[in-house]
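What follows is each chain in one-letter form.
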Amino acid sequence: MDTSSASSYVYAKASGILARSYTGARAAKLFAVQKLAELWPLIFTDEVPAVPEILLAKTIEQKAADQFISEYKKLLAAYDAPAQILVDLLQYFDYENLKALGAAAAMGQKELPPLKDISPYNLLNYKAWPSIQKITQDSDLSWYNRAPEVVEQQQLDNELDLHFIEKLWTSSQELFGEERKTVQALIAERYSMRNVVWVLRLKLYYGMDRNQIVQRLAFLNPQNGKSDPLGGEALAIIDKDVKNWDDWKNWKHAKFLNPREEGSLWSVDPRWVEESYEKEFINKATKRFHANPCAESALLCWYFIKAKELDYIRMATEALRLNVKVQEI
């Protein structure tokens, strides 16, 4: 169908899916159940499989991801030629698949690891397993062309993450006018704050120094320094003392910080910062989704919202599987 008709159809279908999604206030329903068997019918329409609880948890997570991918593929299929950035979003799962393939190859495994199926939009030739070189051949990821050493995996996984973000930005430049500005603003905000959280995690959990951290951040151009749309915010906080409230109280994003009690020890909590920001971002994405129904940014926002729902499903599943409070997860 023509672009206008496809956009109207996609918005109507996407709106219906969002109305049933567990985001915003509805997410609380996921965390209110007491058993995995009670979680299943909230998400799926078929009967709960008769499997041990530990397998049920894994099945829920895998099936939820497959359902998300399937819904998004059906929306993309309405377009004769979907915008490249919308295809790139789906190909995130190719990047995650390649990480799994790299890990399996590094360990000398011959069996194909579990993968997410995004065909016919996939970048990679999975039939070429176990040859990493042939899997990535003639794709944007052809530079990842061999089985990595175990010690290389973390670095290569980080390079895949950075490449994915760069690809999104490059594709956003193919859009026009206000739509290009809207999409780039969403991408810049989302990955700028992910850079910030990444800095906090690397400082607190891995004790990395400034130079080690900078090498792992996403930039449009590292020469931009603190003015870079993706890496600038991270550079602005990279030298702050993560255990000194005075270093943070006037931070421009201080509203996302975990609370501080007078007289008690305090440290920045990356998880708190991330989740506080994500809630605000998803609210903004939801408003943007409805603001311009026939634009590429609407489906971009839908993707971000549904990806957050997938995170919530995983959190609820893990909380039930481990029998711990969801706040701890």
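Structure: above.
It should be emphasised that the depicted structure is a prediction, and the values quoted were computed from it without experimental measurement.

(A) Seen up close, the overall build of the protein. A count of helices and strands for the protein gives 13 helices and zero strands. Listed by position from the N terminus, the elements making up the protein come as α-α-α-α-α-α-α-α-α-α-α-α-α. In terms of overall size, the protein behaves like a compact globule, its C-alpha atoms giving a radius of gyration of 21 Å where 329 residues would be expected to give roughly 20 Å. Long-range contacts, defined as pairs at least 24 residues apart, comprise 58% of the intrachain contacts of the protein with a sequence gap of at least 6. Of the accessible surface of the protein, which amounts to about 17,200 Å², a share of 49% is contributed by carbon and sulfur atoms. The distance from the centre of the 41 positive side-chain charges to the centre of the 45 negative ones in the protein is 3 Å.

(B) Spotlight on the packing of helix α1 (residues 3-19) against helix α13 (residues 296-322). Contact geometry for α1 and α13: axes closest at 11 Å, N-to-C directions at 20°. By the criterion of interaxial angle, the relationship of α1 to α13 is roughly parallel. The two elements α1 and α13 cross, and the hand of that crossing is left-handed. For the pair α1 and α13, the contacting residues are V10, A14, I17 and L18 in the first and L299, W302, I305 and K306 in the second. The residue inventory of the contact of α1 with α13, partitioned by class, reads seven nonpolar, no polar and one charged.

(C) Region of the structure containing the packing of aromatic side chains. Under the counting rule described, the total for this entry stands at 18 aromatic pairs. On the numbers, 5.1 Å between centres and 70° between planes, the contact of Y72 with Y303 is edge-to-face. Of this pair, Y72 sits in helix α4 (residues 53-76) while Y303 sits in helix α13, and the two are 231 residues apart along the sequence. Summarising the burial analysis for this pair, Y72 and Y303 share the class buried.

(D) Fine view of the environment of L175. Note that L175 resides in the loop between α8 (153-172) and α9 (177-206). Taking the relative accessible area as the measure of exposure, L175 reaches 8% and is therefore buried. For the pair L175 and A83, spaced 92 residues apart in the sequence, the C-alpha separation amounts to 8.2 Å. Sequence-distant contacts of L175, defined by excluding residues within four places in its chain, comprise A83, R180, V183 and E296.

(E) Region of the structure containing the pattern of salt bridges. Applying the stated criterion across every chain, the model contains 21 salt bridges. The partner of K167 in a salt bridge is D140, with the nearest N and O atoms 3.8 Å apart. In this pair, K167 is assigned in helix α8 and D140 in the loop between α7 (132-136) and α8, connecting sequence segments 27 residues apart. With a relative accessible area of 35%, D140 lands in the partly exposed category. A salt bridge links K306 to E309, with the shortest nitrogen-to-oxygen separation between them at 2.7 Å.

(F) Structural context of unusual backbone geometry. Here the bond from S119 into P120 is cis, since omega is 10°, no more than 30 degrees from zero. The topology assignment puts P120 in the loop between α6 (92-106) and α7. The amide bond that connects W129 to the next residue, P130, takes the cis arrangement and shows omega of 15°. Among the secondary structure elements, P130 is positioned in the loop between α6 and α7. Here the phi dihedral of D138 falls at roughly 65°; this positive angle occurs in a residue that is not glycine. Here D138 lies in the loop between α7 and α8. The backbone phi angle of N323 is positive, close to 60°, even though this residue is not glycine. Within the secondary structure layout, N323 lies in the segment after α13. Here N323 falls in the exposed class, since its relative accessible area comes to 71%.

(G) Just the environment of F164, in detail. Inspection of the secondary structure assignment puts F164 in helix α8. Residues F164 and L141, spaced 23 residues apart in sequence, show a C-alpha to C-alpha distance of 9.7 Å. The residues contacting F164, other than those within four sequence positions of it, are D88, L89, Y92, Y95 and Y191.

(H) Spatial organisation of a nonpolar patch on the surface. A surface patch of nonpolar side chains, amounting to about 260 Å² of accessible area, comprises V51, I54 and L55. Relative to the helices and strands, I54 is located in helix α4. Look at I54 and you get exposed, because its relative accessible area is 56%.

(I) Inspection of the state of the cysteines at higher detail. Scanning the model with the defined rule gives zero disulfides in all. The thiol of C294 is unpaired, and the distance to the nearest cysteine sulfur, on C301, comes to 14 Å. With a relative accessible area of 45%, C294 lands in the partly exposed category. Classification of C301 as buried rests on a relative accessible area of 0%.

What counts, and at which threshold
- Residues numbered from 1 in each chain as written.
- Predicted model: local features only at pLDDT ≥ 70, side-chain atom pairs only at ≥ 80, totals over all residues.
- Heavy atoms only, no water.
- Helix = DSSP H or I, 4+ residues; strand = E, 2+ residues; numbered from the N terminus.
- Rg over C-alpha atoms; globule rule 2.2 N^0.38 Å.
- Contact = heavy atoms within 4.5 Å.
- Areas by Shrake-Rupley, 256 points an atom, 1.4 Å probe, with all protein chains shown as cover.
- Lys, Arg positive; Asp, Glu negative; His and termini not counted.
- Charge placed at Lys NZ, Arg CZ, Asp CG, Glu CD.
- Axes fitted to C-alpha atoms, helices over the stretch in contact; angles between N-to-C directions.
- Parallel < 35°, antiparallel > 145°, perpendicular 65-115°, else oblique.
- Left-handed = near helix turned anticlockwise from the far one by under 90°.
- Nonpolar A, V, L, I, M, F, W, Y, C, P; charged D, E, K, R; others polar.
- Phe/Tyr/Trp six-rings, centres within 6.5 Å; stacked < 30°, edge-to-face > 60°.
- Buried < 20%, exposed > 50% of the residue type's maximum accessible area, 1.4 Å probe, protein only.
- Salt bridge = Lys/Arg side-chain N within 4 Å of Asp/Glu carboxyl O.
- Patch = residues over 30% accessible without salt bridge, like charges linked within 9 Å, V, L, I, M, F, W, Y side chains within 5 Å.
- Disulfide = S-S within 2.5 Å.

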